[in-house]
Amino acid sequence: MTLEQAPRERLSGQLAEAVAEALRSDLAERDKVLLVVSGGSTPVPFLRALADMPLPWSRVEVTLADERWVAESDDDSNARLVREHLLRGEARQARFVPLTSEAATPEQGVAEVAERVSGLAWPASAVVLGMGGDGHTASLFPDSRELDLALSTAEPVVAVRTPSQPQPRISLSADRLHQAYRHFLHITGESKRDVLGKALAGDDTRALPIRAFLASPLGIYWAP
Ligand SMILES: O=C1O[C@H](COP(=O)(O)O)[C@@H](O)[C@H](O)[C@H]1O
């Protein structure tokens, strides 16, 4: 586990450099590489910095760690975040694979999305995780009734409903999120630093699902 700390904009640039280097390194050995990014609001400066990195973007596949089950036109769409902030300039050549379908619910769409996700260039070169103030990562929420399934299944994606969130969601499973050569955690603010400290001090993954990713090598990028 490594910790990088800097002002937010500089930290985002450092994370973008690290992820770009990971992709370049694997592209020397593989025809195509996969990047898994998270949504929410924290990643915006990182995604914008990554979009400016010189890469053979046509050989890069991008998908999400999780998604709210909303239309891409919705402000809450993680896919919209990727399209607006990462798929710009040369990075538009990347192949972006979203996690929603035309189905009305994630339960109805999960099989189609699972097949789509399974065809990507796994193991991912990098998974960039975020974390909520409740210790959730991707859409692995402590108050989700599907958390045990998401932490134990070999399926690539899980439909998720949780009382704390307004929309149903779909998430890569913990097993699939672990199928990567490198993992990064991008968080900001004192309160999330404190939540991470609490997570590091215990082992109840149901209470703080981020714990599912603290035992393997993890590059932590934190800004005040
Ligand atoms: O709902 C979500 O929350 C987490 C954390 O988002 P942040 O803006 O607080 O960093 C995010 O990683 C996840 O992709 C998103 O769906």
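Predicted model only: the values in this text are computed from it and were never measured. (Residues numbered from 1 in each chain as written. Predicted model: local features only at pLDDT ≥ 70, side-chain atom pairs only at ≥ 80, totals over all residues. Heavy atoms only, no water.)

Brief notes about the sheet that holds strand S2 (residues 33-37)
Thinking step 1. Read from one edge to the other, the open sheet built from seven strands follows the order S1-S10-S9-S6-S2-S3-S5, with strand pairing classed as parallel. Pairing within the sheet leaves two strands with one partner each, and these edge strands are strand S1 (2-5) and strand S5 (95-97). Recorded for the sheet is a direction-independent mean angle of 20° between the axes of neighbouring strands.
Thinking step 2. Where strand S6 (residues 126-129) and strand S9 (residues 183-188) come together, three bridges link them in parallel fashion. When the bridges of S9 are listed, leucine 129 appears paired with leucine 185. (Pairing = 2+ DSSP bridges. Helix = DSSP H or I, 4+ residues; strand = E, 2+ residues; numbered from the N terminus. Axes fitted to C-alpha atoms, helices over the stretch in contact; angles between N-to-C directions.)

A short note on the packing of aromatic side chains
Thinking step 1. One pass over the full model with this rule turns up one aromatic pair.
Thinking step 2. One residue, arginine 176, lies across the ring of tryptophan 122, its end atom 4.8 Å from the ring centre. (Phe/Tyr/Trp six-rings, centres within 6.5 Å; stacked < 30°, edge-to-face > 60°. Lys NZ or Arg CZ within 6 Å of the ring centre and 35° of its normal.)

Here's the deal with the side chain of glutamate 146
Thinking step 1. Topologically, glutamate 146 is positioned in the loop between S6 and helix H5 (147-152).
Thinking step 2. Separated by 3.1 Å, the side chains of glutamate 146 and arginine 145 make a polar contact.
Thinking step 3. Once you skip the residues sitting within four places of it in the chain, glutamate 146 turns out to touch Val158, Ala159, Val160 and Arg161. (Polar contact = N/O pair within 3.5 Å; in protein donor to acceptor, adjacent residues only side chain to side chain. Contact = heavy atoms within 4.5 Å.)

Some thoughts on the side chain of glutamate 67
Thinking step 1. Note on placement: glutamate 67 falls in strand S4 (residues 66-68).
Thinking step 2. Comment: no salt bridge for buried glutamate 67; closest opposite-charge side chain is arginine 68, at 5.0 Å.
Thinking step 3. Engagement of the side chain of glutamate 67 in a polar contact is seen with the backbone nitrogen of asparagine 78, the distance being 2.7 Å.
Thinking step 4. Residues in contact with glutamate 67, not counting those within four places in the same chain, are Asp76, Ser77, Asn78, Ala79, Leu99, Thr100, Arg169 and Ile170. (Buried < 20%, exposed > 50% of the residue type's maximum accessible area, 1.4 Å probe, protein only. Lys, Arg positive; Asp, Glu negative; His and termini not counted. Salt bridge = Lys/Arg side-chain N within 4 Å of Asp/Glu carboxyl O.)

Thoughts on the pattern of salt bridges
Thinking step 1. If you walk through the whole model with that rule in mind, you get 14 salt bridges.
Thinking step 2. In this structure, arginine 80 engages aspartate 75 in a salt bridge whose closest nitrogen and oxygen atoms are separated by 2.9 Å.
Thinking step 3. Salt bridges linked by common partners bring Asp75, Arg80 and Glu84 together as one network.

As for helix H3 (residues 78-85)
Thinking step 1. Listed in full, the buried residues belonging to H3 are Asn78, Ala79, Leu81, Val82 and His85. The buried residues of H3 occupy an angular sector of 160° when the element is viewed end-on, so they sit on one face.
Thinking step 2. The residue sitting at the N-terminus of H3 and contributing the capping side-chain oxygen is serine 77; that oxygen lies 3.2 Å from the backbone nitrogen of alanine 79. (Arc of directions from axis to C-beta.)

With respect to the site of the ligand
Thinking step 1. Around the ligand there are 14 residues in total, and Gly39, Ser41, Thr42, Asp66 and Lys192 lie nearest to it.
Thinking step 2. Take aspartate 66: an N or O atom from its side chain is 2.5 Å from an oxygen atom of the ligand.
Thinking step 3. A distance of 2.5 Å separates an oxygen atom of the ligand from a polar side-chain atom of lysine 192.
Thinking step 4. Here the ligand loses 91% of its free accessible area of 390 Å² to cover by the protein chains. (Near = heavy atom within 4 Å. Areas by Shrake-Rupley, 256 points an atom, 1.4 Å probe, with all protein chains shown as cover.)

What about the UniProt feature "domain: Glucosamine/galactosamine-6-phosphate isomerase" (unreviewed entry) in the chain?
Thinking step 1. As recorded in UniProt, the sites labelled "domain: Glucosamine/galactosamine-6-phosphate isomerase" (unreviewed entry) are residues 8-214.
Thinking step 2. When the span residues 8-214 is considered, its composition is 34% helix and 16% strand, and the gap between its end C-alpha atoms is 22 Å. (UniProt positions renumbered as here; feature names shortened; annotations may be inferred.)

Things to note about helix H7 (residues 190-200)
Thinking step 1. Burial in H7 covers these residues: Lys192, Val195, Leu196 and Ala199. Buried residues of H7, seen end-on, are gathered within an arc of 100° and therefore sit on one face of the element.
Thinking step 2. Looking at the buried side of H7, the elements it contacts are S9 and strand S10 (219-223).

As for the environment of alanine 124
Thinking step 1. With respect to the helices, strands and loops of the structure, alanine 124 is situated in the loop between helix H4 (106-118) and S6.
Thinking step 2. It is 6.7 Å that separates the C-alpha atoms of alanine 124 and valine 33, two residues lying 91 residues apart in sequence.
Thinking step 3. Setting aside anything within four residues of it in sequence, one finds alanine 124 in contact with Leu34, Val36, Gln179, Ala180 and Tyr181.

Quick notes on the nonpolar core
Thinking step 1. Among the nonpolar cores identified, the biggest contains 76 residues, and Val19, Val36, Phe46, Leu50, Leu86 and Leu177 are the most heavily contacted of them.
Thinking step 2. If one sorts the elements of this core by residue count, helix H1 (residues 8-27) sits on top with seven residues. (Core = buried A, V, L, I, M, F, W, Y, C linked by side-chain atoms within 4.5 Å.)

Some remarks on unusual backbone geometry
A negative phi angle characterises most non-glycine residues, just as the trans form characterises most peptide bonds.
Thinking step 1. A cis amide bond, omega -10°, links tryptophan 122 with the succeeding residue proline 123.
Thinking step 2. Here proline 123 is to be found in the loop between H4 and S6.
Thinking step 3. For alanine 138, which is not glycine, the phi dihedral falls at a positive 50°.
Thinking step 4. Inspection of the secondary structure puts alanine 138 in the loop between S6 and H5.
Thinking step 5. Residue class for alanine 138 comes out buried when judged on its relative accessible area of 7%.

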